[in-house]
Amino acid sequence: MSPKGLVSLLLALSLSIGTAACSDTALGAGAGAGGGALVGSTVGHPWLGALLGGTGGAIVGHEIGEQKNKGD
């Protein structure tokens with residue numbers, strides 16, 4: 001694994017741990033951001049891909065968590 005991929009993986013892991021005690025909305029946003037950043041950095045340009053993937057993942061994860069909260 002490249003150093004940039006390792007940094008992305010560690011960032012995703014830290015975001016996941018940090019949101020463990022949060023609501024479904026925050027948890028979804030955190031998981032989406034971490035996953036999106038990880039995928040974005042490996043698929044495209046490392047920093048731009050991580051930024052765009054993380055942003056998109058956070059938005060999608062937030063909306064999924066919000067919908068789950070409405071159903072509860």
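Placed above this text is the structure.
Every value quoted in this text rests on a predicted model; they were computed, and no experiment measured them.

Rules used in this analysis
- Residues numbered from 1 in each chain as written.
- Predicted model: local features only at pLDDT ≥ 70, side-chain atom pairs only at ≥ 80, totals over all residues.
- Heavy atoms only, no water.
- Helix = DSSP H or I, 4+ residues; strand = E, 2+ residues; numbered from the N terminus.
- Buried < 20%, exposed > 50% of the residue type's maximum accessible area, 1.4 Å probe, protein only.
- Contact = heavy atoms within 4.5 Å.
- Areas by Shrake-Rupley, 256 points an atom, 1.4 Å probe, with all protein chains shown as cover.
- Patch = residues over 30% accessible without salt bridge, like charges linked within 9 Å, V, L, I, M, F, W, Y side chains within 5 Å.
- Salt bridge = Lys/Arg side-chain N within 4 Å of Asp/Glu carboxyl O.

**A look at the overall build of the chain**
Looking only at helices and strands, the chain has three helices and zero strands in total. Listed by position from the N terminus, the elements making up the chain come as α-α-α. Per-residue burial over the chain gives 29% buried out of 72 residues. Long-range pairs, those at least 24 residues apart, make up 58% of the contacts in the chain between residues at least 6 apart in sequence. When the accessible surface of the chain is totalled, it reaches about 4,600 Å², and 74% of it is carbon and sulfur.

**Remarks on a nonpolar patch on the surface**
Together, Leu6, Leu9, Leu10 and Leu13 line one region of the surface with nonpolar side chains, adding up to about 360 Å² of accessible area. Along the chain, the position of leucine 6 falls in helix H1 (residues 3-18).

**Quick notes on the environment of alanine 37**
For alanine 37, the location among the structural elements is in helix H2 (residues 24-43). The spacing of alanine 37 and tryptophan 47 is 10 residues in sequence and 8.8 Å in space, taken between C-alpha atoms.

**Quick look at the environment of serine 2**
Among the secondary structure elements, serine 2 is positioned in the segment before H1. Exposure remark for serine 2: the relative accessible area of 43% places this residue in the partly exposed category. Each C-alpha atom of the pair serine 2 and threonine 42 lies 9.8 Å from the other, and the pair is 40 residues apart in sequence.

**Let's talk about the environment of leucine 9**
Looking at the element boundaries, leucine 9 is found in helix H1. Residue leucine 9 is classed as partly exposed on the basis of its relative accessible area of 36%. Distance from leucine 9 to alanine 37, taken between C-alpha atoms, is 8.8 Å for residues 28 residues apart in sequence.

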